[in-house]
Amino acid sequence: MVFIRLSHAARYASVSFSASVGGGSGRAVALAASAGILSGLFVGYQPKESKPHRHCGCEVHLTDVQQQLGGNLAEIVGRGNVSSNVTMRGSRLGEGTALAVVKPGSLHEAMAVLKACCAAGVAVLPQGANTSLTGGSVPRGECDRPTVIINMRRLNKILPVGADGGQVLCFAGAGIFQLQSELKNKYNRDSHSVLGSIFLNPSVAAGVSYGSGGTQIRKGPAFTNRALFCRVAQGGEVELVDTLGLQVKGKDALDFLETATELGLQDLDPKCKVAASWPNYRQHLTKLDSNVSRYNADTTGAECNRSEGKVLILATLHDTFPMPQKDSVIWASCSDFETAQALKREVCIASPDCMAKSCEYINREVHDAVDQAGRILIKMIEILGMTRLEPLWNLKLFIESVPLPFATIVCDKFLWWFNGILPKPLPAKLQALTQEFDHHMLMEFAEYTPGELDGLMSRLRKFQDSKPEGTVKFHVCADARERSRATLFRFAVAPAFRTYCIGLGQQGLSIDYALPKNFTRYPELPAQYPVSRRLVYSHFGCNVYHEDYVFDNSIDVHEAKMAIKKAIEKVGGKLPAEHGHGTEYAAPADMQQRWRLSDPTNTMTFEQRLVMESWGAELSCFHCPALWVGGTSYKKDYM
Ligand SMILES: Cc1cc2nc3c(=O)[nH]c(=O)nc-3n(C[C@H](O)[C@H](O)[C@H](O)COP(=O)(O)OP(=O)(O)OC[C@H]3O[C@@H](n4cnc5c(N)ncnc54)[C@H](O)[C@@H]3O)c2cc1C
């Protein structure tokens, strides 16, 4: 047995296991520092004279098999696709060091990697683009056993089915932006999922794994009962589960998909009627009862759904959707929240046959935060486009993980200080509405059936006419630039909040919850934790909310969070709704039971165990001082 000290990749800009695992002389230059900087990962060898870094005070014993694991993994995927001793930071929460990050390049490799990890007795963490907000895609520095991250990004094959692409099979690492573009350009079809993070191209499989939600109120959250995935059984052996519904099954499906370049209808089993999207979501959504529309602890559907890394998804099959003939993006502003709710119910989701494509909401505080902290991000997306922001985002996460003073805040301070050099991001007409009103909706109306767009517009005008003068005003975005600016403004909210808190020098907390479909107010907050700013934004059509709170530095953010959670649950809300439990929330007992059945040895997403074991706790609470206890708290993070 030897010790491995989990050292900080950023400090050493290099390395790894031990010399024998590395298979080299024990001292060599970093192999891929420049590429690694962009991806936040490093490959190389730890200089002998470097002092070991104690990550959260942890030290891990490696067994002989674990010492050899790096070499074994390199044999499976090639040396260039294994990085060792990598410290990674989550997009909003969590930071920890993985024994290795492995990037399989084929389905067989992914399965072989998982088998090797199981044989070595390490914990396994599946990973996509690492955009999740609740810490589930990075290790948390808890060191009972080492963690290996299986990053699935190289497995990005997309196979539309048949000549019309009515369904599509995606390998796990395919990105949702990549999928959206390919379906639109080649098949004039629409994909199943649009998240606020689409500019970072998050993976299709992670969407299923988290039940990610987003803006698409006609389609529902990412969901499919048709998947190919690996499960670690009771004895530690890796099982392949196939519910894809292809003509070839199991191991044969794996072989077939590995080489397939296209899929025809003849490749699907005609007898398989299993759902590849949320069944009847429109009907469900427009029935305004006391249920929530969707939430993360929902145990319905095949076990890959909302499995949160408890199984390794290799590929999934999804329904695709028709593209509308035409559409309009409308910014509507209301004098009060009640009117915004009424507009949503009477116009956007009045009936399942004629409803909006998306319906988002922001309040004045959100507008102010994005205006003060999000202008550079919006400009960057505009200049670089959706596909080129991911490396910059990873660079920001990397800089934040460097163990130097102010590293955690320097990027956001920069974004805050230089925000003002750019003009206001919203077009003049929308900007004027944001000055006049406190509540804003961004709606997309589309022509799926003849007359639908006109029908929605006439409902909107009728609604406006039914209200006192000046209660509701709206603007139909006139051109592509107005549409794009309005949409980017909405997407910039989540990242801008961290910049906003750091800029203001105050604590922040972000939460994600669903309210009953018939609930039409803001939940009341516990008075003992006064909030200095309350930013409310919402996938409004689904009554799913994200709230960002700015707190004075004297408030205990974790306590406040637990009290707010109780307040939301008291009115029938469910929390989290779409960002996943990750390492942040304890899941309810039935969800935990489901995960135990999927992963009886608790090999997968091992960190989740900490949450699972804290049965009495309302929320996961980690004692490691460098970790945040709630959403975005720069103060605690900075300690
Ligand atoms: C700016 C911003 C906006 C966002 N907006 C939204 C939004 O509108 N709606 C929303 O729902 N989310 C949103 N998110 C959260 C995030 O983008 C989603 O959770 C997304 O689905 C994560 O995808 P990923 O590829 O980055 O997954 P990761 O972060 O890498 O992983 C997420 C989870 O999926 C698991 N996983 C990944 N790949 C696999 C696999 N192959 N098999 C099994 N498990 C796997 C991981 O173990 C982890 O538990 C936002 C994030 C950001 C940064």
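Along each chain, numbering runs from 1 in the same order as the chain's sequence is written. In view of the model being predicted, local features appear only for residues whose pLDDT reaches at least 70, and side-chain atom pairs are presented and counted only at 80 or more, with totals across whole chains, interfaces and linings using the full set of residues. Excluding hydrogens and water, the side-chain figures rest on all heavy atoms present in the structure.

Q: Mind showing me how you'd approach the overall build of the protein chain here?
A: Put simply, DSSP H or I for four residues or longer makes a helix, DSSP E for two residues or longer makes a strand, and each gets a number counted from the N terminus. When you go through the protein chain residue by residue, the secondary structure sums to 22 helices and 20 strands. For every residue, the accessible area (1.4 Å probe, protein chains only) is compared with the maximum for its type, and the residue is labelled buried under 20%, exposed over 50%, or partly exposed between those bounds. When burial is assessed residue by residue, the protein chain has 62% of its 639 residues classed as buried. Carbon and sulfur atoms provide 54% of the accessible area of the protein chain, an area that totals close to 23,600 Å². The accessible surface values rely on the Shrake-Rupley method and a 1.4 Å probe; as for residues, cover is taken only from the protein chains in view.

Q: Please clarify how the pairing of strand S14 (residues 327–334) should be interpreted in this entry.
A: Regular strands have side chains that alternate between both faces of the sheet. The element S14 is largely enclosed, with a buried count of 7 among its 8 residues. With 8 bridges connecting them, S14 and strand S16 (residues 439–446) associate as antiparallel partners. Bridging from a neighbouring strand, Cys334 pairs with His439 of S16. We treat two strands as partners when DSSP finds at least two bridges between them. In terms of strand pairing, S14 meets strand S17 (residues 472–476) through 5 bridges, oriented antiparallel. Residue pairing across strands places Cys334 opposite Val472, the latter belonging to S17.

Q: Is there a simple way to think about the packing of helix H5 (residues 107–120) against helix H8 (residues 250–259) in this case?
A: To get an axis, fit a line to the C-alpha atoms, keeping to the stretch in contact for a helix; angles then go from 0 to 180 degrees between the N-to-C directions. Packing of H5 against H8 brings their axes to within 9 Å, and their N-to-C directions diverge by 130 degrees. Between H5 and H8, the interaxial angle falls into the category oblique. Between H5, through Leu107, His108 and Met111, and H8, the contact on the second element is made entirely by Lys251, Leu254, Asp255, Leu257 and Glu258. Gly falls in the polar group here, along with every residue not listed as nonpolar (Ala, Val, Leu, Ile, Met, Phe, Trp, Tyr, Cys, Pro) or charged (Asp, Glu, Lys, Arg). Considered class by class, the residues forming the contact of H5 with H8 number 4 nonpolar, 1 polar and 3 charged. Roughly parallel refers to an angle under 35 degrees, roughly antiparallel to one over 145, roughly perpendicular to one between 65 and 115, and oblique to any angle outside these ranges. Note on contacts: a residue pair qualifies if any of its non-hydrogen atoms lie within 4.5 Å across the two residues.

Q: What is the right way to look at the sheet that holds S14 in this model?
A: Hydrogen bonding along the main chain pairs the strands of a sheet, whether they run parallel or antiparallel. In space, the 7 strands of this open sheet follow the order S17-S14-S16-S15-S19-S20-S18, with antiparallel pairing throughout. Taken across any chain shown, the strands that pair with only one partner, and hence form the sheet edges, are S17 and strand S18 (507–514). Each strand axis lies, on average, 15 degrees off the axis of its neighbour in the sheet, ignoring direction. Packing of helix H10 (residues 337–348) onto the sheet brings it into contact with S14, strand S15 (358–363), S16, S17 and strand S20 (544–551), and relative to S16 it is tilted by some 10 degrees. Across the sheet, helix H19 (residues 557–570) lies against S18 and S20, angled at about 20 degrees from S18, the strand it touches most.

Q: Help me understand the environment of Gln66 in this model?
A: Summarising the element assignment, Gln66 is placed in helix H4 (residues 64–77). Sequence separation of Gln66 and Gly121 is 55 residues, and the distance between their C-alpha atoms is 7.5 Å.

Q: How should I be thinking about H8 in this particular structure?
A: Along an α-helix, residues three or four positions apart point the same way, because every turn accommodates 3.6 residues. Within H8, the full set of buried residues consists of Gly250, Ala253, Leu254 and Leu257. For H8, the arc enclosing every buried residue in end-on projection is 105 degrees, short of the 170-degree limit, so these residues lie on one face. By construction, the arc corresponds to the directions joining the helix axis to the C-beta atoms.

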